[in-house]
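# Structural overview for review
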Amino acid sequence: MLRLVLPKGSLEQATLELFEAADIPVRRGSDRDYHGRIDDPRVEKVSILRPQEIPRYLEEGFFDLGITGRDWIEETGARVERVATLSYSKRQTGPVRIVLAVARENPANRPEDLPQGVRVSTEYPNLTRRYFESLGIDARIFLSYGATEAKVPEIVDAIVDVTETGGTLVRHGMKIIGTILESYTELVACPASYRDQAKRKAMEELAILLQGAVAARGRVLLKLNVAEEKLPGVLAVLPAMKAPTVSPLATKGYMAVETVVEKAGINTLIPVLKERGAEDILEIPLSKIVP
């Protein structure tokens, strides 16, 4: 039913892993194939293309549903319908940033410090142009096809580039002086397809699966038993999405407790729970969390 397009490049592996976790894995003959399939009646075909192109292809109706970054939606100005925000990137769960950076020795410490006629290299010419226009700075913008940071300071004075942590820019002797945009990965649709009731229902069902897989990342199910008199002490240190589930065991005087917790910190939480009387502690991985 749905013609689906997924991003090639830096987001490719993370996206395929997300679909696998959502139980809608993409099957391809090889890692180099630009087409694949999903064994799901809601998906007719799968293509894997550069994320820069995806918003326009969706706008034109070549595909019904796709995944790309908010940065490319804003850069292209394509009219698409946002179905869901998927909080993942190449290496982390937070957004990436589109930033303005200069050489470390450059005296500018904020965008407003840059002079008229500043030379800027970027893969985002439209975003960059609009940004400098909003600052009232006349910028000379040079389209970059990669290795953008290597062009400072011999060719350009500044760059506008994407970063997750800023570490790569620092290693190349640069400093960030402004953030233009925070960009999450977006599940977006062709407007005409989104108006089709059957297709929209299929899109929303896939979005539930994908968002559930994102929500489960970095979380585990923790189950334990505890004597009833020690239950308050355990609950006092036990995190939960809403509240822990507590139920009596067949053994009188004992309670079973389960909750979802962040994987980070579990190594310090379990010893504390033991000190407070928790027994039979189980840590169970999760594949989806659907509110």
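Residues numbered from 1 in each chain as written. Predicted model: local features only at pLDDT ≥ 70, side-chain atom pairs only at ≥ 80, totals over all residues. Heavy atoms only, no water.

## Observations concerning the sheet that holds strand β12 (residues 219-227)
Spatial ordering of the open sheet is given by β13-β14-β12-β15, a layout of 4 strands whose pairing is antiparallel. Looking at strand neighbours, the two that pair on one side only are β13 (245-248) and β15 (278-285), the edges of this open sheet. Recorded for the sheet is a direction-independent mean angle of 20 degrees between the axes of neighbouring strands. With 9 bridges joining them, β12 and strand β14 (residues 254-262) adopt antiparallel strand pairing. Looking at β14, one finds that valine 226 is bridged to methionine 255. The sheet contacts of helix α9 (residues 266-275) involve β12, β14 and β15, and relative to β15 the element is tilted by about 160 degrees. (Pairing = 2+ DSSP bridges. Helix = DSSP H or I, 4+ residues; strand = E, 2+ residues; numbered from the N terminus. Axes fitted to C-alpha atoms, helices over the stretch in contact; angles between N-to-C directions. Contact = heavy atoms within 4.5 Å.)

## Section: the sheet that holds strand β2 (residues 35-36)
Pairing between the strands of a sheet is mediated by backbone hydrogen bonds and can be parallel or antiparallel. Reading across from one edge, β2-β3-β1-β4-β11-β5 is the order of the 6 strands in this open sheet, with mixed pairing throughout. Sheet topology places β2 and β5 (81-86) at the edges, where each strand pairs with a single neighbour. Pairing of β5 with strand β11 (residues 185-189), which is carried by 5 bridges, proceeds in the antiparallel orientation. Bridging from a neighbouring strand, threonine 85 pairs with glutamate 186 of β11. The strands touched by helix α1 (residues 12-21) within the sheet are β1 (2-7), β3 (43-49), β4 (65-69) and β5, with β1 carrying the most contacts at an inclination of about 135 degrees. Strand contacts of helix α7 (residues 197-216): β1, β3, β4, β5 and β11, with the helix running at about 15 degrees to β5, the strand carrying the most contacts.

## Quick notes on the pattern of salt bridges
Scanning the model with the defined rule gives 21 salt bridges in all. Here aspartate 40 makes a salt bridge to arginine 42, at a shortest N to O gap of 2.7 Å. Residue aspartate 157 is joined to arginine 119 by a salt bridge in which the shortest nitrogen-to-oxygen separation is 2.7 Å. Here aspartate 157 is found in the loop between β8 (140-143) and β9 (158-163), whereas its partner arginine 119 is found in strand β7 (residues 119-122), with 38 residues between them in sequence. (Salt bridge = Lys/Arg side-chain N within 4 Å of Asp/Glu carboxyl O.)

## Things to note about the packing of aromatic side chains
Counted under the stated rule, the structure contains 4 aromatic pairs. Here tyrosine 57 and phenylalanine 63 contribute two aromatic rings whose centre-to-centre distance is 6.5 Å and whose plane-to-plane angle is 50 degrees, an arrangement assigned as tilted. Look at tyrosine 57 and you get partly exposed, because its relative accessible area is 28%. The class of phenylalanine 63 is buried, set by a relative accessible area of 7%. Taking the centre distance of 5.7 Å and the plane angle of 85 degrees together, the rings of tyrosine 131 and phenylalanine 132 count as edge-to-face. Just as tyrosine 131 is buried, phenylalanine 132 falls in that class too. The structure contains a cluster of three or more aromatic residues connected by ring pairs, namely Tyr57, Phe62 and Phe63. Lysine 8 extends its terminal NZ or CZ atom over the ring of tyrosine 34, reaching a point 5.0 Å from the ring centre. (Phe/Tyr/Trp six-rings, centres within 6.5 Å; stacked < 30°, edge-to-face > 60°. Buried < 20%, exposed > 50% of the residue type's maximum accessible area, 1.4 Å probe, protein only. Lys NZ or Arg CZ within 6 Å of the ring centre and 35° of its normal.)

## Describing unusual backbone geometry
Along the chain, valine 152 connects to proline 153 via a cis peptide bond; the corresponding omega equals 0 degrees. The backbone of aspartate 23 shows a phi angle near 65 degrees, a positive value even though the residue is not glycine. With respect to the secondary-structure elements, aspartate 23 resides in the loop between α1 and β2. Aspartate 23 gets classed as exposed once you look at its relative accessible area, which sits at 53%. Non-glycine residue aspartate 280 carries a positive phi angle of around 50 degrees. Relative to the helices and strands, aspartate 280 resides in strand β15.

## Looking at the packing of α1 against α7
α7 packs onto α1 with a crossing angle of 105 degrees between their chain directions and a minimal axis gap of 8 Å. Considering the angle they form, α1 stands roughly perpendicular to α7. In this structure, α1 uses Leu18, Phe19 and Ala21 to contact α7, whose residues at the interface are Leu210, Ala213 and Val214. Each residue belonging to the contact of α1 with α7 can be placed in one class, and the counts come to 6 nonpolar, no polar and no charged. (Parallel < 35°, antiparallel > 145°, perpendicular 65-115°, else oblique. Nonpolar A, V, L, I, M, F, W, Y, C, P; charged D, E, K, R; others polar.)

## Points about the side chain of glutamate 186
Along the chain, the position of glutamate 186 falls in strand β11. For glutamate 186, a relative accessible area of 5% corresponds to the buried category. Among the polar contacts made by the side chain of glutamate 186, one reaches the side chain of threonine 85 at a distance of 3.3 Å. Apart from the residues lying within four places of it in its own chain, the contact partners of glutamate 186 are Gly66, Ile67, Thr68, Arg70, Ile73, Arg82, Ala84 and Thr85. (Polar contact = N/O pair within 3.5 Å; in protein donor to acceptor, adjacent residues only side chain to side chain.)

## Some details on the nonpolar core
Side chains of nonpolar character tend, in soluble globular proteins, to be buried together. Residues Leu6, Phe19, Leu65 and Leu187 are the most contacted members of the largest nonpolar core, which totals 31 residues. For this core, the secondary-structure elements that each account for two or more residues are β1, α1, β3, β4, β5, β11 and α7. With 7 residues, α7 is the single largest residue contributor to this core. Aside from chain neighbours lying at most four places away, what touches leucine 6 is Thr15, Leu16, Phe19, Val26, Val46, Ser47, Ile48, Leu49, Ile54 and Ile67. (Core = buried A, V, L, I, M, F, W, Y, C linked by side-chain atoms within 4.5 Å.)

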